[in-house]
Amino acid sequence: MRRVLAFLSRQRSEWRHGYDVLKDTGLSSGTLYPLLMRMTDNGLVEAEWHPPAQPGRPPRHVYRLTADGLALALRLAAEDPDPSATPVLA
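Cut-offs used in this document
All residue numbers refer to position in the chain's written sequence, counted from 1. Owing to the predicted nature of the model, reporting of local features is limited to residues with pLDDT of at least 70; listing and counting of side-chain atom pairs is limited to 80 or more, with chain, interface and lining totals taken over all residues. Calculated side-chain values reflect all of the structure's heavy atoms, with hydrogen atoms and water omitted. Definition used for salt bridges: Asp or Glu carboxyl oxygen within 4 Å of a side-chain nitrogen of Lys or Arg. Strands are runs of DSSP state E lasting at least two residues, helices are runs of H or I lasting at least four, and both sets are numbered from the N terminus onward. Orientation is described by axes fitted as lines to C-alpha atoms, over the contacting stretch for helices, and by angles from 0 to 180 degrees between their N-to-C directions. In what follows, roughly perpendicular refers to angles from 65 to 115 degrees, roughly parallel to angles under 35, roughly antiparallel to angles over 145, and oblique to any angle outside these ranges. Here a crossing is taken to be left-handed if its near helix is turned anticlockwise relative to the far helix by less than a right angle, and right-handed if that turn runs clockwise. Two residues qualify as a contact provided that any one of their heavy atoms is within 4.5 Å of a heavy atom in the partner residue. Polarity classes work like this: nonpolar for Ala, Val, Leu, Ile, Met, Phe, Trp, Tyr, Cys and Pro, charged for Asp, Glu, Lys and Arg, and polar for all others, with Gly in that last group. Only protein chains enter the area calculation, which uses a 1.4 Å probe; residues under 20% of their type maximum are buried, those over 50% are exposed, and those in between are partly exposed. In this analysis, strands are considered paired if DSSP registers two or more bridges between them.

Caption draft 1: Region of the structure containing the pattern of salt bridges. Counted according to the given criterion, the structure contains four salt bridges. With a shortest N-O distance of 2.8 Å, glutamate 46 and arginine 64 are connected by a salt bridge. Of this pair, glutamate 46 sits in strand E2 (residues 45-50) while arginine 64 sits in strand E3 (residues 60-65), and the two are 18 residues apart along the sequence. Here arginine 75 and glutamate 79 are joined by a salt bridge, their closest N and O atoms 3.5 Å apart. Separated by four residues within a single helix, arginine 75 and glutamate 79 lie in helix H4 (residues 67-79), roughly one turn from each other.

Caption draft 2: Structural context of the packing of helix H1 (residues 2-10) against H4. For the pair H1 and H4, the least separation of the axes is 9 Å and the interaxial angle reads 115 degrees. Of the possible angle classes, the one that applies to H1 and H4 is roughly perpendicular. In the packing of H1 onto H4, the handedness of the crossing is left-handed. Side by side, H1 and H4 meet where Arg2, Leu5 and Ser9 of the first sit next to Gly69, Leu70, Leu72, Ala73, Leu76 and Glu79 of the second. Residues of the contact of H1 with H4, tallied by class, amount to five nonpolar, two polar and two charged.

Caption draft 3: How the structure looks around H1. Listing the buried residues of H1 in full gives Val4, Leu5, Ala6, Phe7, Leu8 and Ser9. Among the structural elements, strand E1 (16-17), helix H2 (18-25), helix H3 (29-41), E2, E3 and H4 are those in contact with the buried residues of H1.

Caption draft 4: The arrangement of the pairing of E3 in detail. Sheet analysis places E1 next to E3, joined by two bridges and oriented antiparallel. If you follow histidine 17 over to E3, its bridge partner there is valine 62. Judged from the six bridges that link them, E2 and E3 form a sheet pairing that is antiparallel. Of the residues in E3, the one forming a bridge with alanine 47 is tyrosine 63.

Caption draft 5: Focus on the sheet that holds E3. Ordered by their spatial adjacency, three strands build an open sheet running E1-E3-E2, and the pairing between neighbours is antiparallel. Among the strands making up the open sheet, the edge pair consists of E1 and E2.

This is how it looks when you write it as structure tokens:
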């Protein structure tokens, strides 16, 4: 969860595709997507469907941190200042 929080906090206002989160965090899809669902259920992440970029493609789920998610990301970064996981606010 720390890796996901750190990744999403780097560009907090940007919607991010799950694939982007997978690439950055190195988590498997079987780990990431259930985690994102739990984080959404707990109010740390918001999720919505975006229309396809190209005709014939399916809509995609996108994610971004809520204010509570950002607060948790910052608190965790302060407790464990690992430079590779530290949120960078844009």
